[in-house]
Amino acid sequence: MSTATPPGPQSPFREWLKGRGTSRRTWEKLIEWALLGCGLFSIAITVTIAGVILFGSFEFFTTDTVKVDTPEGKKDRVVFMSGEKIWERTSTFFTGAEWTESTGVYGILPLLSATVIVTLIAAVVAIPIGLLTATFLSEYASPRVRAVAKPTLELLAGIPTVVYGFFAITVVTPALATVIDGLGNPNNLLSGGIVVGIMIIPMVASLSEDALRAVPRALRDGATALGANKFETTVKVIIPGAFSGVMASFLLAISRAIGETMAVTLACGETARLVFDPRQGAATMTAFIVHRARGEVDQFSTEFNSLFAVAGVLFFMTLGMNIIAQRVLQRYRQVYQ
Amino acid sequence: MNQPQAKLWVPPAPTLGQTMMTAVRRSSIGAAILSVLFFAVKFLIRVLAEPGNGSFVFLFGQSLYFFGAAWALLFPIVLIIASRAASNAAFTVSGFLATFFGLAILAVFFFHLAGEVVLWFRYTPMLVELENERNQKELAVLSDSTKTAARKRALLTKSEKERDDALSKATTEAEKKEIGEEYAQALQQQALELDKTLAEDRQIAERSLRTDQSPTGILFYFLSNSPSNSPQDAGIAPALVGSVWLGLITILFAVPIGVGAALYLEEYRTEGWLAKIIQININNLAGVPSVVFGILGGFVFVYISKQLQEAHPSIAARNLLGGGLTLGLLTLPLIIVSAQEAIRAVPGSLRQGAYALGATKWQVMWTIVLPMARPGIMTGTILSLSRAIGEAAPLVLFGAQLFVDQVPWPNTRFTALPMQIFNWCDRPPYEVQSPDGPVSIDIWKYNAAVASTVLLIVLLGMNAVAIFLRNRARQNMRY
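Below or above, wherever it landed, is the structure these notes cover. These figures come from a predicted structure and were not determined experimentally.

**A look at the overall build of chain B**
Here is step 1 of the chain: Scanning chain B for helices and strands turns up 15 helices and two strands.
Here is step 2 of the chain: The principal-axis extents of the C-alpha atoms in chain B amount to approximately 140 × 85 × 50 Å.
Here is step 3 of the chain: Scored against the burial criterion, the 479 residues of chain B give a buried share of 42%.
Here is step 4 of the chain: Restricting to contacts in chain B with at least 6 residues of sequence separation, those with at least 24 account for 72%.
Here is step 5 of the chain: Here chain B displays about 26000 Å² of accessible surface, and carbon together with sulfur accounts for 65% of that area.
Here is step 6 of the chain: Averaging the positions of the 39 positive and the 34 negative side-chain charges in chain B gives two centres separated by 18 Å.

Spelled out as structure tokens, the structure:
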């Protein structure tokens, strides 16, 4: 009687290992190491992103492109700056209200202000609509309505961002221009914000719906027993009960809005300037990065390296928001599970 | 027997007058707060952006006006909220409206897109017709030997005139002879070249004649041709093939690594600092803007390709493989998160049963967990793939070309459908010399609309497949 061997995968590699006298234990260990490698790969991605951005930003803050006379005529050369100038460039970058490359003035406030305006408009559009949608889907809708509404919302999330940009310049801006005077056509911050807001509605809605559904039934029943109607139950019991989850959905959606690129590039334009009027166009941080990457600038000149510094601000801003959101999310998971 | 039912205690409802007074009070407070905020913002803008512009009395007036408007807007809302029944009904209605706001927006967008596509089908044949007419005229000239000769003659006489000028300036006989010989040779050469260019022109004109102008014909032309500088001849073939390649590379790269990482986090090391760090890192990576991934790809992969280029010149610096890997990095966290959820949903009793039969850990993973989690993993993969195919920002940062006229291969330069749409969205209206004078048509936007429709059909098809898979898995799986 032969002993039964458990069924297992028969791969040539395993045969080879067996032929070498490798035991099953070693094989299992090998697989575990390989899977650990897969897990560590994601950390390697983060480290490489941070490394590339920091390296490029370092180049931007410490070097300058100057014209040098060579036998073949004037040429651009990258040279280290003095400490004083490094300080000047760094302080201008974080506090300067002007971004003019021809004079070498790099202040991030114009890009930051455009990003903030677009994000605020997007939040104003997406947060009320998304939260109302979430409460409707989790508290009011019948299963049949939910079966129609949820996939539709997912459809809205599946449209590519460049198509949203196309909608912004061909639908939203012309429609707004008939209502609002002095609207910049084709580029304005308002249409970009509205379109980004529409884009993040599904995110707010589905994440907050998950949070609202996680609120135990006992709380709903308790509120009903106290004589509250559905509105009062939702607003005074369920939303506060799911507050951290709802908050996390807002934060994640806002961080997505900050990092949104193609729609904003098409809708808001690519010129860096300080505006407070959403009717005008201005480049957000992401739009500026796209503009710089597409532009006719020498790679690794100072103008090009400014891209890395802007990307660094963008990266650490979204990273910070995501970390806060994850923390908040973790807290609400611990409460009800 | 018939005992009277105990009456429910209902809180005393406020009278109408009380409700009104509450509403007036609350809306006044709200409007006051809003107008103070309005004043503060306006004041700040005045101080920061346009110093010394306009009087503050005017600003006060504006704020008062704003107060009135805000009060008028707030009062009905507050009135509704102050009444219990009305607030309940209004909340239900607004929830319903908000939910179907998305549907309405989708309807508007798709309707508009369809309109642009119809316009494309209307204008493209007209432009093709105009171009055909021009080409036909050209062909008529080029195929008529006397007219070609006349054109050639006209070009040659110019050179002959030059020669005569030179001859008249020359003083000695020897010089004249030299010039004559020089020009005779040059003229002969020029005549030969002219013959050649005229033949080429003729070929080009013949090739640019488009016979099929039916809707299916121009659509097929659009799908099977390279981009062009004249909008009616532009097509999306390289972009379409590029997008398919990118999707393939993304899947082949991201799915094995993503599923491996998910298995590790869910089955091998669920606790401890290492698992925690990897988990936090993945969650944050999922929220990193796609442009940033583009910077990573454009720096690392392009650097590696440039090194390889020295040994193998056929490798382009910004090649398709690098672009696909960039998108793979972008989708990796999404795939890991969805695969983790799918693996977590596999019931533990199945694993324990397999262990009880003597299976090793990997055997349990390979024969039990992965097959059970497969529908979930596939759904997540398709959804993240549809995101990758729709992304343009990382590719722009990676340095993908906007204008590629060859069908791409992993080692060549490439373009993708979203890049093509972006390029066309960014172009000004096209000037056409019609018989009634110059007309500008937004034909590039219509091209973008058709390309967007193609992209949306692909993506929505993929989403539909994902939803279908999910539903089928739900029906088939009964633990």
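**What about the pairing of strand S1 (residues 63-70) of chain A?**
Residues and elements named next belong to chain A.
Here is step 1 of the chain: Across eight bridges, S1 lies against strand S2 (residues 73-80) in antiparallel orientation. In the strand pairing of S2, Thr 63 is matched with Phe 80.
Here is step 2 of the chain: What sits between S1 and S2 in their antiparallel hairpin is a turn of two residues.

**Brief notes about helix H14 (residues 417-425) of chain B**
Here is step 1 of the chain: Among the nine residues in H14 of chain B, nine count as buried, and that is most of the element.
Here is step 2 of the chain: For H14 of chain B, the set of buried residues is Leu 417, Pro 418, Met 419, Gln 420, Ile 421, Phe 422, Asn 423, Trp 424 and Cys 425 of chain B.

**Topic: the layout of surface pockets**
Here is step 1 of the chain: Here the second largest pocket defines a volume of roughly 470 Å³.
Here is step 2 of the chain: Taken together, 25 residues form the lining of the second largest pocket, with Gln 299 and Phe 304 of chain A together with Arg 318, Leu 397 and Gly 399 of chain B sitting closest to its centre.
Here is step 3 of the chain: For the lining of the second largest pocket, the secondary-structure elements that each account for two or more residues are helix H12 (285-294) and helix H13 (302-336) of chain A together with helix H9 (290-311), helix H13 (393-398) and H14 of chain B.
Here is step 4 of the chain: A per-element tally of the lining of the second largest pocket places H9 of chain B first, with six residues.
Here is step 5 of the chain: When the residues that make up the lining of the second largest pocket are grouped by side-chain class, the tally is 16 nonpolar, five polar and four charged.

**Quick look at the interface of chain A and chain B**
Here is step 1 of the chain: Listed as interface residues are 84 residues of chain A and, on the opposing side, 83 residues of chain B.
Here is step 2 of the chain: When the two sides are added together, the surface that chain A and chain B hide from each other amounts to roughly 7300 Å², 78% of it contributed by carbon and sulfur.
Here is step 3 of the chain: If you sort the residues of chain A by the area they bury against chain B, Leu 35, Phe 166 and Phe 231 of chain A come out on top, with a joint share of 8%.
Here is step 4 of the chain: Where chain A packs against chain B, one counts two salt bridges.
Here is step 5 of the chain: Between Asp 426 of chain B and Arg 294 of chain A there is a salt bridge whose closest N-O contact spans 3.0 Å.
Here is step 6 of the chain: Counting every contact that joins chain A to chain B gives 11 residue pairs in polar contact (both at pLDDT 80 or more).
Here is step 7 of the chain: It is helix H2 (residues 24-62) of chain A that provides the largest number of residues to the side of chain A that touches chain B, a total of 20 residues.
Here is step 8 of the chain: Its residues assigned to classes, the side of chain A that touches chain B comprises 53 nonpolar, 23 polar and eight charged.

**Structural notes on the packing of aromatic side chains**
All names here are of chain A.
Here is step 1 of the chain: Taken as a whole and assessed by the stated rule, the structure comprises 36 aromatic pairs over all chains.
Here is step 2 of the chain: Relative to Phe 93, the ring of Phe 60 has its centre 5.7 Å away and its plane inclined at 70°; by these criteria the two rings are edge-to-face. Residue Phe 60 is found in helix H2, and its partner Phe 93 is found in helix H3 (residues 83-95); the two are separated by 33 residues along the sequence.
Here is step 3 of the chain: Residue classification places Phe 60 among the buried residues on the basis of a relative accessible area of 0%.
Here is step 4 of the chain: On the basis of relative accessible area, Phe 93 is assigned to the buried category, the value being 0%.
Here is step 5 of the chain: Three or more aromatic residues link up through ring pairs in this structure, and these residues are Phe 60, Phe 61, Phe 93, Phe 94, Trp 99, Tyr 106 and Phe 288.
Here is step 6 of the chain: In this structure, Lys 230 packs its charged tip against the face of Tyr 140, placed 5.3 Å from the ring centre.

**A look at the pattern of salt bridges**
A side chain of one charge can pair with a side chain of the opposite charge when the charged atoms of the two come close.
Residue and element names in this part refer to chain A.
Here is step 1 of the chain: Applying the stated criterion to the full structure yields 15 salt bridges over all chains.
Here is step 2 of the chain: The shortest N-O distance in the salt bridge between Glu 209 and Lys 150 comes to 3.0 Å. Residue Glu 209 is found in helix H7 (residues 189-213), and its partner Lys 150 is found in helix H5 (residues 143-158); the two are separated by 59 residues along the sequence.
Here is step 3 of the chain: When its relative accessible area of 1% is taken as the criterion, Glu 209 is described as buried.
Here is step 4 of the chain: Assessed through its relative accessible area of 27%, Lys 150 is described here as partly exposed.
Here is step 5 of the chain: Among the charged side chains, a salt-bridge network with shared partners connects Lys 150, Glu 209 and Arg 213.

**With respect to the packing of H5 of chain A against H7 of chain A**
Residue and element names in this part refer to chain A.
Here is step 1 of the chain: With their axes 7 Å apart at the nearest point, H5 and H7 run at an angle of 135° to one another. Relative to H7, the element H5 lies oblique. Our pair here, H5 against H7, has a crossing hand that is left-handed. The segment H5 lies against H7, with Arg 146, Lys 150, Leu 153, Leu 156 and Ala 157 engaging Ile 198, Ile 201, Pro 202, Ala 205, Glu 209 and Arg 213.

**A look at the nonpolar core**
Residue and element names in this part refer to chain A.
Here is step 1 of the chain: With 194 residues, the main nonpolar core has Ile 49, Phe 93, Tyr 164, Ile 289 and Val 310 as its most contacted residues.
Here is step 2 of the chain: Looking at this core, the element that brings in the most residues is helix H4 (residues 109-140), giving 15 residues.
Here is step 3 of the chain: Here Val 310 is in contact with Phe 93, Trp 99, Ile 108, Leu 111, Met 285, Phe 288 and Ile 289, once residues within four sequence places are set aside.

**Remarks on the side chain of Thr 381 of chain B**
Residue and element names in this part refer to chain B.
Here is step 1 of the chain: When you line up the elements, Thr 381 lands in helix H12 (residues 361-390).
Here is step 2 of the chain: A relative accessible area of 10% means that Thr 381 is categorised as buried.
Here is step 3 of the chain: Residues within four places of Thr 381 in sequence aside, it is in contact with Val 255, Ile 335 and Ser 338.

**Some details on a negative patch on the surface**
Here is step 1 of the chain: Residues Glu 175, Glu 178, Glu 181 and Glu 182 of chain B make up a contiguous surface patch of negative charge.
Here is step 2 of the chain: Along the chain, Glu 181 of chain B falls in helix H5 (residues 173-208).

**Focus: empty space enclosed by the protein**
Here is step 1 of the chain: By the definition in use, this model includes one cavity of 30 Å³ or more.
Here is step 2 of the chain: If you add up the space inside the largest cavity, you get close to 30 Å³.
Here is step 3 of the chain: Ala 149, Thr 152 and Leu 153 of chain A together with Thr 99, Phe 100, Gly 102 and Leu 103 of chain B are the residues that line the largest cavity.
Here is step 4 of the chain: Broken down by secondary-structure element, the contributors of at least two residues to the lining of the largest cavity are H5 of chain A together with helix H3 (84-143) of chain B.

**Quick notes on the state of the cysteines**
Here is step 1 of the chain: Within this structure, the stated rule accounts for zero disulfides over all chains.
Here is step 2 of the chain: Unpaired in this structure, Cys 268 of chain A has its nearest cysteine sulfur neighbour in Cys 425 of chain B, at a distance of 14 Å.
Here is step 3 of the chain: Among the residues examined, Cys 268 of chain A registers a relative accessible area of 1% and is labelled buried.

Each value, and the rule that gives it
- Residues numbered from 1 in each chain as written.
- Chains lettered and ligands numbered in written order.
- Predicted model: local features only at pLDDT ≥ 70, side-chain atom pairs only at ≥ 80, totals over all residues.
- Heavy atoms only, no water.
- Helix = DSSP H or I, 4+ residues; strand = E, 2+ residues; numbered from the N terminus.
- Buried < 20%, exposed > 50% of the residue type's maximum accessible area, 1.4 Å probe, protein only.
- Contact = heavy atoms within 4.5 Å.
- Areas by Shrake-Rupley, 256 points an atom, 1.4 Å probe, with all protein chains shown as cover.
- Lys, Arg positive; Asp, Glu negative; His and termini not counted.
- Charge placed at Lys NZ, Arg CZ, Asp CG, Glu CD.
- Pairing = 2+ DSSP bridges.
- 1 Å grid on protein atoms, 1.4 Å probe; cavity = no way out; pocket = protein on both sides within 12 Å on 5 of 7 lines; lining within 4 Å.
- Points joined across faces, edges and corners; volume = space filled by probe spheres on them.
- Nonpolar A, V, L, I, M, F, W, Y, C, P; charged D, E, K, R; others polar.
- Buried area = accessible area lost by both parts, 1.4 Å probe.
- Salt bridge = Lys/Arg side-chain N within 4 Å of Asp/Glu carboxyl O.
- Polar contact = N/O pair within 3.5 Å; in protein donor to acceptor, adjacent residues only side chain to side chain.
- Phe/Tyr/Trp six-rings, centres within 6.5 Å; stacked < 30°, edge-to-face > 60°.
- Lys NZ or Arg CZ within 6 Å of the ring centre and 35° of its normal.
- Axes fitted to C-alpha atoms, helices over the stretch in contact; angles between N-to-C directions.
- Parallel < 35°, antiparallel > 145°, perpendicular 65-115°, else oblique.
- Left-handed = near helix turned anticlockwise from the far one by under 90°.
- Core = buried A, V, L, I, M, F, W, Y, C linked by side-chain atoms within 4.5 Å.
- Patch = residues over 30% accessible without salt bridge, like charges linked within 9 Å, V, L, I, M, F, W, Y side chains within 5 Å.
- Disulfide = S-S within 2.5 Å.

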